[in-house]
Amino acid sequence: MKSENTVQETKKENTDRRVARTKRSIRMALIKILAEKSLDNVTVTELSKAADINRKTFYNYYGDVSMVVDEIENEIVADFASAINNIDFQEISRDPSDIFLRLARLIERDLEFYARVFAAKGQASLLQKIVEPLKKQLWESFEDQIGQDAEEFRFLLEFVVSGMISVYQAWFNSGRRQDIEDLSRKLSVLAFNGINGLSLL
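Conventions used here
- Residues numbered from 1 in each chain as written.
- Predicted model: local features only at pLDDT ≥ 70, side-chain atom pairs only at ≥ 80, totals over all residues.
- Heavy atoms only, no water.
- Core = buried A, V, L, I, M, F, W, Y, C linked by side-chain atoms within 4.5 Å.
- Buried < 20%, exposed > 50% of the residue type's maximum accessible area, 1.4 Å probe, protein only.
- Helix = DSSP H or I, 4+ residues; strand = E, 2+ residues; numbered from the N terminus.
- Contact = heavy atoms within 4.5 Å.
- Phe/Tyr/Trp six-rings, centres within 6.5 Å; stacked < 30°, edge-to-face > 60°.
- Salt bridge = Lys/Arg side-chain N within 4 Å of Asp/Glu carboxyl O.

Chemist: Just checking my understanding: could you explain the nonpolar core for this structure?
Modeler: Generally speaking, nonpolar side chains in soluble globular proteins are found buried as a group. One finds L30, L47, Y114 and Y168 to be the most contacted residues of the largest nonpolar core, which totals 54 residues. Taken together, the elements giving at least two residues each to this core come down to α1 (4-33), α2 (44-50), α4 (65-83), α6 (97-109), α7 (111-119), α8 (126-146), α9 (150-173) and α10 (180-193). A total of nine residues in this core trace back to one element, the largest contributor, which is α9. Those residues in contact with L30 that lie beyond four places of it in its chain are L39, V42, L47, V65, V68, V69 and I72.

As structure tokens, then:
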């Protein structure tokens, strides 16, 4: 016979899984909608219908649509931050491929989610909201290792992050035919060595 604590723990686990599934449905529905229209035009009613829930269920978890976007943004930035955690700047300067491969593997873990994220468009698209926090996270990760070249690193960071996001977006939109890890290696060479560096591969 199960103890009362075991029964309570099982109920909590089931509730947690149900909550996680519902919130994921809402997030996935939103980023699917954002492939067709801008965030400003998305309503709670439309989002609830797309997620196959009612408005009351939506409001059990979020106050409005922007809160869903904030949660998605925070989740992605946290995932990217985790992926680049403990990267040594000096090592990356010699071989930048590791950082791109880490991000590629992160994307591969949930291709459906990131495919929709990279398809989002409009003035308030998720990509636009994600880029700045990602650059900030990278800057904070390497700030104490950069030294006197900080200003130069800011320009490099702008180029690398914006270029990386654009390449991954193009990869998703092209049907993901090329191996993402191979693409990431080439992207790292291109970002740090220029087009001529590709001839060395």
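Once you've had a look at it, read on.
Chemist: Even after reading the chapter, I still don't get the packing of aromatic side chains, so can you show me in this structure?
Modeler: Two numbers describe a pair of aromatic rings. These are the distance of the centres and the angle of the planes. What the rule picks out here adds up to four aromatic pairs. Geometrically, the ring pair formed by F58 and Y59 is edge-to-face, given 5.4 Å between the ring centres and 85° between the ring planes. Judged by relative accessible area, which is 39%, Y59 ranks as partly exposed. Measuring from centroid to centroid gives 4.8 Å for W171 and F172, while their planes differ by 70°, and the two rings are edge-to-face. Each member of the pair W171 and F172 is classed as buried. Members of the aromatic cluster, connected to one another through ring pairs, are F58, Y59 and Y62.

Chemist: Help me understand the pattern of salt bridges in this model?
Modeler: Where charged atoms from two side chains of opposite charge come close, those side chains can pair. For the coordinates displayed, the defined rule picks out eight salt bridges. For the salt bridge of R105 with E181, the shortest nitrogen-to-oxygen distance reads 3.1 Å. Taken as a pair, R105 in helix α6 and E181 in helix α10 lie far apart in primary sequence, 76 residues in all. Measuring nitrogen to oxygen at the nearest pair gives 3.5 Å for the salt bridge that ties K186 to D182.

Chemist: Got a minute to help me understand the side chain of S48 in this structure?
Modeler: The topology assignment puts S48 in helix α2. The exposure class of S48 is buried, given its relative accessible area of 2%. Residues contacting S48, with those up to four places away along its chain left out, are I53, N54, R55 and F58.

Chemist: Mind showing me how you'd approach the environment of A51 here?
Modeler: Assignment of secondary structure puts A51 in the loop between α2 and α3 (55-61). Overall, the relative accessible area of 10% leaves A51 in the buried class. The spatial distance from the C-alpha of A51 to the C-alpha of M28 is 7.8 Å, given a sequence separation of 23 residues. With residues near it in sequence (within four places) discarded, A51 still touches S25, I26 and A29.

Chemist: Looking at this model, I keep getting lost on the side chain of T22. Mind explaining?
Modeler: When you line up the elements, T22 lands in helix α1. A relative accessible area of 15% places T22 in the buried class. If we ignore the near neighbours within four places in the chain, the residues touching T22 are I53, T57 and Y61.

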